[in-house]
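Understanding the architecture of this molecule
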Amino acid sequence: MGCAAADYDEDGDQDLYLSCFGPNAMYRNDRGRFAEVGHQLGVDDGRWGVSTGFLDHDQDGDLDLLVVNYVDFSLERNPICKQGRIRSYCEPTVYEPVNSVLYRNEGERFSDVSQEAGITLKGRGLGVVFFDFDSDGDTDIYVANDGMMNFLYENRGGHFVENGLQAGGRYNRDGRAEAGMGVDFGDIDHDGNQDLIVTNFSRETNTLYHNNGQGRFEDITPRAGLVEPSYLQLGFGACFLDFDHDMDLDFFVANGHVMDKIAEVDSSLSYAQANQLLRNEGDLRFAEVSASAGPSFALANVGRAAVVADYDNDGDQDLLVTTEAGPPRLLRNEGGNQGHWLSVELVGKAPRDALGAQVTVEAGGVRQVRQRQSGRSYLASHDPRLHFGLGENARARVEVRWPDGQVQQLGEVAADQFLKLAEP
């Protein structure tokens, strides 16, 4: 189902964790060859694992692991659901929700600390992001649930408290739970606070939660212009990226229905759907630009995961989309690097992956804040480098807040480079 890449054993290479329908797997990287050690490490949970990622939840310098589980389902207990005479996808409410799992890294093994750490609610989880939403220096967790309230776990010294209701992240502006699929975070308006986007079912919307910096989110979907573009689509993979290097975060979503015969039930919907690109217009508004973003956006697919990476190292961000029962699609960005840019790779002391670090880049009077985190989108693991569009600016000031709280000031650096920074 999902995957996450990180150097969990601090030996200088990237290991791979797979969440599965059935026992999950950890592939330890031993100098370029992989050994499956999930059972040995105690992370081979046998439930239906979906999105997953690494974080240092207790700030002890090593990487812990969170696995979001979907529902209690087995092939032996497979209910038949119909719409009229047509067998269809069962609503998520047919299945019982289950617990997610938080594993603490103990060195030779991982231990399940979910209950003692406060990861206690049962959900029908699909998407997850790790981010410091309240800017207190530790990593919080947001889980997008299918057909029930979303969870916002606030990290309070290594113990999590679910406060999605108080913070405004559980429901949409109408007080309704939606069919959360993919989720991403980013500062869309340069106020230094990390906002959230959640993709949802057809006849819902992709919901944008604006972070006011006071520990509260507000659903601004109608104001942002996201209702009409997303209402009939079924969104999965969600990605904030600056595709055109104009110094603000745009939005990409991979679309595709879950019911292959949906057109027989509702002629206004389709199984295969076109992906979408929405450009940030400023003032918390987005405009769909799919029609001018290249011929690939006219081709329908049954999209699922979406990944952002500068795979060809040409200075702009490309996209990879996985599809249901079809080949993945690699969308190369052919125009984004016309503006200046900066790519920042972090090498920490503990953890080496520097998960939880924050990079601030200032240029032309614009302040961009990015966080180095695992997870995001839907079932995906991204390029670990933090990418900044710089527009017409040939230089930028860079500041790093490392996971231990140490702040490193670099002053001005030249644009158009891959900058690798080691923790001092």
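As a starting point, this report considers the structure included with it. (Residues numbered from 1 in each chain as written. Predicted model: local features only at pLDDT ≥ 70, side-chain atom pairs only at ≥ 80, totals over all residues. Heavy atoms only, no water.)

This part is about the environment of His340. Mapping His340 onto the fold places it in strand S30 (residues 340-347). C-alpha of His340 to C-alpha of Pro222: the two residues are 118 residues apart in sequence and 32 Å apart in space. In this structure His340 touches His245, Phe388, Gly389, Leu390, Gly391, Glu392, Asn393, Ala394, Ala415 and Asp416, once residues within four positions along its chain are discounted. Of note is the side chain of His340, whose polar atom sits 2.6 Å from the side chain of Asp416. (Helix = DSSP H or I, 4+ residues; strand = E, 2+ residues; numbered from the N terminus. Contact = heavy atoms within 4.5 Å. Polar contact = N/O pair within 3.5 Å; in protein donor to acceptor, adjacent residues only side chain to side chain.)

What follows is about a nonpolar patch on the surface. On the surface, a cluster of nonpolar side chains totalling about 330 Å² of accessible area is made up of Met1, Phe21 and Leu75. Its location among the elements puts Met1 in the segment before strand S1 (2-6). What makes Met1 partly exposed here is its relative accessible area of 48%. (Patch = residues over 30% accessible without salt bridge, like charges linked within 9 Å, V, L, I, M, F, W, Y side chains within 5 Å. Areas by Shrake-Rupley, 256 points an atom, 1.4 Å probe, with all protein chains shown as cover. Salt bridge = Lys/Arg side-chain N within 4 Å of Asp/Glu carboxyl O. Buried < 20%, exposed > 50% of the residue type's maximum accessible area, 1.4 Å probe, protein only.)

Looking now at the pairing of strand S34 (residues 395-401). Inspection of the sheet shows strand S31 (residues 358-363) paired to S34 by five bridges, in the antiparallel sense. From the neighbouring strand, Thr360 faces S34, where its bridge partner is Glu399. In terms of strand pairing, S34 meets strand S35 (residues 407-414) through seven bridges, oriented antiparallel. Its bridge partner lying in S35, Val400 is registered against Gln408. Between S34 and S35, which follow one another and run antiparallel, lie five residues, and Gly405 among them has a positive phi close to 95°. (Pairing = 2+ DSSP bridges.)

Strand order across the open sheet formed by four strands is S1-S2-S3-S4, with antiparallel pairing between neighbours. The open sheet has two free edges, formed respectively by S1 and strand S4 (33-36), since each of these has just one partner strand. Between one strand axis and the next, the sheet turns through 20° on average, direction left out of account. Across three bridges, the pairing between strand S2 (residues 15-19) and strand S3 (residues 25-30) is antiparallel. Counted as the bridge partner of Leu18 is Ala25 from S3. (Axes fitted to C-alpha atoms, helices over the stretch in contact; angles between N-to-C directions.)

Ranked by internal contacts, the top residues of the largest apolar core, which has 32 residues, are Leu66, Leu102, Ile141 and Phe160. If you list the elements that add at least two residues to this core, you get strand S5 (49-55), strand S6 (64-69), strand S13 (125-131), strand S14 (140-145) and strand S15 (151-156). Looking at which element gives the most residues to this core, the answer is S13, with three residues. Excluding its chain neighbours within four sequence positions, the residues that come into contact with Leu66 are Thr52, Gly53, Leu55, Val101, Leu102, Ile119, Val128, Phe130 and Ile141. Membership of the second largest hydrophobic core comes to 20 residues, among which are Val344, Leu390, Leu419 and Leu421. (Core = buried A, V, L, I, M, F, W, Y, C linked by side-chain atoms within 4.5 Å.)

Quick look at the environment of Ser268 now. Looking at where Ser268 falls in the secondary structure, it is placed in the loop between helix H6 (262-265) and strand S23 (273-274). In this view, Ser268 contacts Arg203 and Leu232; residues no more than four positions away in its chain are not counted. Engagement of the side chain of Ser268 in a polar contact is seen with the side chain of Arg203, the distance being 2.6 Å. A distance of 2.6 Å separates a polar atom in the side chain of Ser268 from a polar atom in the side chain of Asp266.

Okay, the packing of aromatic side chains next. This structure, assessed with the given rule, holds 15 aromatic pairs. Centre to centre, the rings of Trp48 and Tyr70 are 5.1 Å apart; their planes meet at 90°, and the pair counts as edge-to-face. With Trp48 in the loop between helix H1 (38-41) and S5 and Tyr70 in the loop between S6 and strand S7 (81-83), this pair connects stretches of sequence that are 22 residues apart. Where Phe240 meets Phe251, the ring centres are 5.8 Å apart and the plane angle is 55°; that geometry is what we call tilted. One end of the pair, Phe240, is in strand S21 (residues 235-241); the other, Phe251, is in strand S22 (residues 250-255), with eleven residues separating them in the sequence. Here Phe240 falls in the buried class, since its relative accessible area comes to 4%. Pairwise contacts between aromatic rings join Phe21, Trp48, Tyr70, Phe73 and Tyr95 into one cluster. Across from the ring centre of Phe236, 4.1 Å away, lies the NZ or CZ of Arg304, which sits over that ring. (Phe/Tyr/Trp six-rings, centres within 6.5 Å; stacked < 30°, edge-to-face > 60°. Lys NZ or Arg CZ within 6 Å of the ring centre and 35° of its normal.)

As a further point, take the sheet that holds S15. Spatial strand order, S13-S14-S15-S16: four strands in an open sheet with antiparallel pairing. A strand with exactly one partner marks an edge of an open sheet, and here the two such strands are S13 and strand S16 (159-162). Sheet twist, expressed as the average angle between the axes of neighbouring strands with direction ignored, equals 25°. Sheet topology note: the S14/S15 ladder contains three bridges and is antiparallel. Among the inter-strand pairings, Tyr142 is bridged to a residue of S15, identified as Leu152.

In the structure shown here, the tally under the stated rule is 17 salt bridges. Taking the shortest distance from any N to any O, the salt bridge between Glu162 and Arg170 comes out at 2.7 Å. On the accessibility criterion, Glu162 (14% relative accessible area) is buried. With a closest N to O distance of 2.9 Å, Asp383 and Arg385 form a salt bridge.

Right, let's get into the state of the cysteines. Applying the stated criterion to the full structure yields one disulfide. Here Cys81 pairs with Cys90 through a disulfide, and the sulfurs are 2.0 Å apart. Handedness here is read from the sign of the S-S torsion; for Cys81 and Cys90, about 100°, the answer is right-handed. For the pair Cys81 and Cys90, one class covers both residues: buried. In this model Cys3 remains outside any disulfide bridge; the closest cysteine sulfur is found in Cys20, 10 Å from its own. In this structure Cys239 is a free cysteine whose sulfur lies 13 Å from that of Cys3, the closest cysteine sulfur available. On the accessibility criterion, Cys239 (0% relative accessible area) is buried. (Disulfide = S-S within 2.5 Å.)

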